[in-house]
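In case you want the letters, here they are:
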Amino acid sequence: MNAVAAPVLADANVRTMLAQFGLDVEYTRSEGNALHYTDEEGREHRVVDFACGFGSLMLGHNNSEIAERAKQILDAKIPVHTQLARHSHTNDLAAALNKIIQRELGTDEPYYALFGNSGAEAVEIAIKHAEFDRLQRAQELLGGIEDHISAARAAVTEGTAQVSPEAYDQVGVAGSTRFEDLIAEVRRRNEAAAATPPLFLTIEGSFHGKLASSIQLTYNEMFRTPFKALSAQARFVPADQPDALAKIVSDERVPVLDVVVEDGTVRVVERDFPVFGAFFLEPIRGEAGIRPLSREFAQVIEQVCAELGCPVVSDEIQCGTGRSGAFFAASHIGLRGDYIILAKSLAGGIAKTGVVLVREGRYRQDFELIHSSTFGKDSFSSLIALKVIEMLEADGGQAYRAAVERGDKLKAMLEAVRADFPDVVKDVRGRGLMLGLEFHDQSEAASEVIREQTQHGVIGFAVAGYLLRKHNIRTFTTASALHTFRFEPSIHLGDEDIAQLDTALRAVCEILRRQDENGFAVV
Ligand code: PMP
């Protein structure tokens, strides 16, 4: 009897798409910076992985020290799920992260930790916390206005103050001179303003996750727009354009009316309603094409947000946990962040975790009583993350130095390729082990195949399939910048791995230079 192939019930559509480019291989073994698969002819291939979990494998695949620690934790029968009890491991992890914050970000202010399971979940937690905080700020503002109204009423009743005639025109009750009409209109307008949904700010090209709310902070329209109705919206600010940021803030600001008594006169003044939920940024934007945020623009954002009272959320999910050559990529640009988010490499590529760290001055303790998750904050992931931190911090930060040294070597090779193929390679960017190589746009390519694949947005898959099948190199483009390939290996990247990539990229460049019609075909 012939064996019937099992139906594909998980990601069948994606698998079909991958198959068109020879990318539907099954990796069966991995260690360090390599993956292994067996091809259709039964040959085993060692693939150098430059995608490395899209940032989750800073310490490599199946890191043996981390795997050993995982076995110890399980063998010791340390309870994994004990919700509503003391969690010393989670607390130790928060303390270890705080120690690094103090050292790298130069602040003694404690950051409180909220745990989730993934990057996007941590972003959702940050969104919820920011909204919880915003509502309380709104209540404080509106409560203050009510106090001012009572004080003004008392002054008018006692005859120690008079309403300024312009106040009636200003709020649109011209014709009336009754204090209570004025107040009724002030309240009506303020109620309408207070019903404005929160607005988040982020930078063009950003990626902050794919869950119901976080997807609205992710720039890629194909991912974002079908789900617009589900959640609060974001405005995407062009990077390095302070004037564009100022215009967005001025267009979106929502005024409320306050009533003040000054020198015996009751006046109406405008105040800003806290409509801005938070400014989310990545110190190095991964999916935007590996683009480090400039120190200058980070400062502008911090200043604008301080004026608005809106928190700055530093999403270090991809660029953090040592990849940039420091634990926090924000430390290179002097950015502190009111919230800091980590995930991916934090759990060593073996467990899953995500954490939001909120600085004390912005932390709302009551949030802990209304947010939780069964798997957030489990002992296993906390202990693994502690192990990761211990490994990163060992020998005075040897792992960070390795990220710089390996990254510099890899970048020098990418720069050399660019220098030899300026007609094909547009740019090389990034820092540490988070690098990108951008090809020139091929939408007008002479080769029909290359042109059409570019126009259909699949040239990246065609090149990735070629790199995999012909050169045993694994990498992909970034999600929102489809001409940029990502190079985010682990610190175990070898010189021979860099040489293998060098050969492979030069072959890609030759195909593009020659406009070789079937150069990337592998199936
Ligand atoms: N933020 C950033 C900066 C990311 O790069 C990613 C993942 N690419 C996420 C959030 C979402 O993380 P996850 O895939 O774990 O949900």
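Residues numbered from 1 in each chain as written. Predicted model: local features only at pLDDT ≥ 70, side-chain atom pairs only at ≥ 80, totals over all residues. Heavy atoms only, no water.

In terms of helices and strands, the chain carries 15 helices and 19 strands. Here the chain, with 523 residues, has 53% of them falling under the buried criterion. Sequence separation of 24 or more characterises 72% of the internal contacts of the chain that already satisfy a separation of 6 or more. Summed over all atoms, the accessible surface of the chain reaches about 23500 Å², with 51% contributed by carbon and sulfur. The distance from the centre of the 54 positive side-chain charges to the centre of the 75 negative ones in the chain is 2 Å. (Helix = DSSP H or I, 4+ residues; strand = E, 2+ residues; numbered from the N terminus. Buried < 20%, exposed > 50% of the residue type's maximum accessible area, 1.4 Å probe, protein only. Contact = heavy atoms within 4.5 Å. Areas by Shrake-Rupley, 256 points an atom, 1.4 Å probe, with all protein chains shown as cover. Lys, Arg positive; Asp, Glu negative; His and termini not counted. Charge placed at Lys NZ, Arg CZ, Asp CG, Glu CD.)

Summarising the element assignment, H332 is placed in the loop between β13 (312-315) and β14 (339-342). Its relative accessible area of 22% is what places H332 among the partly exposed residues. The spacing of H332 and F367 is 35 residues in sequence and 31 Å in space, taken between C-alpha atoms. Residues contacting H332, with those up to four places away along its chain left out, are R295, S324, G325, A326 and R431. A distance of 2.9 Å separates a polar atom in the side chain of H332 from a polar atom in the side chain of S324. (Polar contact = N/O pair within 3.5 Å; in protein donor to acceptor, adjacent residues only side chain to side chain.)

Take the confidence of the model for the chain next. In low-pLDDT regions, the fine details of the predicted coordinates are not to be read closely. With 99% of its residues at a pLDDT of 70 or more, the chain shows a mean pLDDT of 97. Within the chain, the lowest mean pLDDT, 93, falls on helix α6 (residues 165-171), and the highest, 99, falls on β14. Among the scores for the predicted complex, ipTM is 0.99 and pTM is 0.97. (pLDDT = per-residue confidence, 0-100.)

This part covers the pairing of β14. The alternating pattern of β14 places Y339 and I341 and I340 and L342 on opposite faces, both of which are buried. With three bridges joining them, β13 and β14 adopt parallel strand pairing. Bridge assignment links V313 to a residue of β14, and that residue is Y339. (Pairing = 2+ DSSP bridges.)

Another aspect to go through is the nonpolar core. Counting 45 residues, the largest nonpolar core has L410, L414, F439, F487, L501 and F520 as the members making the most contacts within it. Broken down by secondary-structure element, the contributors of at least two residues to this core are β2 (34-38), β3 (44-49), α12 (379-420), β16 (425-431), β17 (434-439), α14 (459-471), β19 (484-487) and α15 (495-514). Of the residues forming this core, the biggest block, nine residues, is contributed by α15. Ignoring anything within four residues of it in the chain, the contact list for L501 reads F50, L410, M413, L414, I473 and F487. If you look at the next biggest cluster of nonpolar residues, it comprises 44 residues, including V256, V275, F276 and I333. (Core = buried A, V, L, I, M, F, W, Y, C linked by side-chain atoms within 4.5 Å.)

The interhelical angle for the contact between helix α3 (residues 64-75) and α12, taken along N-to-C directions, is 145 degrees, at an axis separation of 10 Å. Here α3 and α12 pass one another in a crossing that is right-handed. Residues E65, I66, R69, A70, I73 and L74 of α3 form the contact with α12, whose participating residues are F380, L383, I384, K387, V388 and M391. Residue classes in the contact of α3 with α12 are distributed as nine nonpolar, no polar and three charged. (Axes fitted to C-alpha atoms, helices over the stretch in contact; angles between N-to-C directions. Left-handed = near helix turned anticlockwise from the far one by under 90°. Nonpolar A, V, L, I, M, F, W, Y, C, P; charged D, E, K, R; others polar.)

With that settled, consider the site of the ligand. The environment of the ligand is formed by S118, G119, A120, F207, H208, G209, E282, E287, D315, I317, Q318 and K344. Contact between the ligand and D315: a nitrogen atom at 2.7 Å from a side-chain N or O atom of the residue. Counting atoms within 2 Å of the grid points, the majority share of the ligand lands in the largest pocket. Each residue belonging to the shell around the ligand can be placed in one class, and the counts come to three nonpolar, five polar and four charged. (Near = heavy atom within 4 Å. 1 Å grid on protein atoms, 1.4 Å probe; cavity = no way out; pocket = protein on both sides within 12 Å on 5 of 7 lines; lining within 4 Å. Sits in = over half its atoms within 2 Å of the grid points.)

Turning our attention to the sheet that holds strand β10 (residues 276-281). Sheet architecture is open: seven strands sit in the order β4-β15-β14-β13-β10-β6-β7, paired in mixed fashion. With one partner strand each, in any of the chains shown, β4 (111-116) and β7 (233-237) form the two edges of the open sheet. On average, each strand axis in the sheet is inclined to that of its neighbour by 25 degrees, with strand direction left out of account. The pairing of β10 with β13 spans three bridges and is parallel. Looking at β13, one finds that F279 is bridged to V312. Sheet contacts for helix α5 (residues 119-158): β4, β6 (199-203), β10, β13, β14 and β15 (354-359); angle to β10, the most-contacted strand, approximately 150 degrees.

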